[in-house]
Every structure is written in structure tokens, then in C-alpha cells.
Amino acid sequence: MHRRLLLIAGLSLLAGCATAAPPIVAPAGSALGELEPLYSASAGREALTIRVSSNGCTKKEDFAFFVETKGDAVTLAFGRKRLDPCKSFAMGHTDLTFSYAELGVAGRTPLFLLNPFYPWTGPGS
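Calculation notes
Residues numbered from 1 in each chain as written. Predicted model: local features only at pLDDT ≥ 70, side-chain atom pairs only at ≥ 80, totals over all residues. Heavy atoms only, no water. Pairing = 2+ DSSP bridges. Helix = DSSP H or I, 4+ residues; strand = E, 2+ residues; numbered from the N terminus. Axes fitted to C-alpha atoms, helices over the stretch in contact; angles between N-to-C directions. Disulfide = S-S within 2.5 Å. Buried < 20%, exposed > 50% of the residue type's maximum accessible area, 1.4 Å probe, protein only. Core = buried A, V, L, I, M, F, W, Y, C linked by side-chain atoms within 4.5 Å. Contact = heavy atoms within 4.5 Å.

**Q** Looking at this structure, I do not really get the sheet that holds strand 6 (residues 73-80). What am I missing?
**A** The pairing of strands in a sheet comes from backbone hydrogen bonds and takes either a parallel or an antiparallel form. The strand order across the open sheet built from 3 strands is 5-6-8, with neighbouring strands paired in mixed fashion. Two strands close off the open sheet at either side, each with one partner strand: strand 5 (63-70) and strand 8 (111-113). Strand after strand, the sheet turns through a mean of 25° between neighbouring axes, direction not considered.

Quick look at the structure:
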């Protein structure tokens, strides 16, 4: 019976690994390697707030962004410069706010985010 449970647990872990999403490559010409998966993004009057995964030490300074303007279209991408070194038992997230001035765009400019969005599956909201 114990061998069967061990086998089922092992196969479950392998299935979870097999379904992990592939990394999303950043736009050509940007200094980013991969785009950071986002749980949410919110455009306010003065700033854009993104929700990203965190082990407890994720800071705004750990992220870089890439902005490209073509005509009226402004595309924006976020990538991590440093991994979060903390060890957290539970899955976590944090909100990072970037002012439009920091991003180099006017406040009422429509933005197109290139980052992939993933649903939050951890505890709480």
C-alpha cells in the first residue's frame, strides 16, 4: 500500500512539472531576458500597479521595465533583475507600483502589457 501511495505522489509531482508554463522571451532590443508572469495589473490615475510572485523579499528595485512607443501604441514589459532570495513556506505575492513618470509615459496614454497573466492559486486574494 505504501509503495502505491509513493508511486501516485511521484507521478503527481511529475505531472505538475510537465504542465509548468514555458518562459516568455522578452522583446528584441530590450535588456530583459524573460518576461515576469503577472497575477494582475491595475492602471490608476498616477501609476500602474502590478502583482507578482514573492517569497517575501521582492522589491520594486528587483524589476526592470521596457517601454516601446510606435505611433499612439505604447507597449510595456516587466522582467526580474534579481530573484527573490527569501524562503517562504506558503505561496505569496506582492504589489509593485510604478508611476507613469518613472515609466516615461503620459498619464492617460493607453498601455499594452506584454507580460503573461496567470491566475492566483495561493491562499487569500
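**Q** How should I be thinking about the sheet that holds strand 4 (residues 47-53) in this particular structure?
**A** The strand order across the open sheet formed by 3 strands is 3-4-7, and the pairing between neighbours is antiparallel. Single-partner strands in this sheet number two, and they are strand 3 (40-43) and strand 7 (93-99). Recorded for the sheet is a direction-independent mean angle of 15° between the axes of neighbouring strands. In terms of strand pairing, strand 3 meets strand 4 through 4 bridges, oriented antiparallel. Residue pairing for strand 4: serine 42 is matched across the bridge by threonine 49.

**Q** Hey, could you run me through the state of the cysteines in this one?
**A** A covalent bond bridging the sulfur atoms of two cysteines is what the word disulfide describes. Tallied over the full model, the rule gives 1 disulfide. Between the sulfur of cysteine 57 and that of cysteine 86 lies a disulfide, 1.4 Å long from S to S. Residue cysteine 57 is found in the loop between strand 4 and strand 5, and its partner cysteine 86 is found in the loop between strand 6 and strand 7; the two are separated by 29 residues along the sequence. By relative accessible area, which is 26% here, cysteine 57 ends up partly exposed. We classify cysteine 86 as partly exposed; its relative accessible area is 23%.

**Q** Could you clarify how one ought to interpret the pairing of strand 6 in this entry?
**A** Put simply, side chains in a regular strand alternate between the two faces of the sheet. Extensive coverage of strand 6 is indicated by the burial of 6 of its 8 residues. As paired elements, strand 5 and strand 6 share 8 bridges and run antiparallel to each other. Its bridge partner being in strand 6, threonine 69 is matched across the sheet by valine 74. Where strand 5 folds back onto strand 6 in an antiparallel hairpin, the turn is made up of 2 residues, including glycine 71, whose phi is positive at roughly 65°.

**Q** What is the right way to read the nonpolar core from this model?
**A** If you look at soluble globular proteins, the nonpolar side chains tend to sit buried side by side. Among the nonpolar cores identified, the biggest contains 13 residues, and Leu48, Ile50, Val52, Phe78, Leu96, Phe98 and Leu103 are the most heavily contacted of them. Elements with a minimum of two residues in this core: strand 4, strand 6, strand 7 and helix 2 (100-103). Setting aside anything within four residues of it in sequence, one finds phenylalanine 98 in contact with Ala47, Leu48, Ile50, Lys60, Phe63, Phe65, Phe78 and Leu103.

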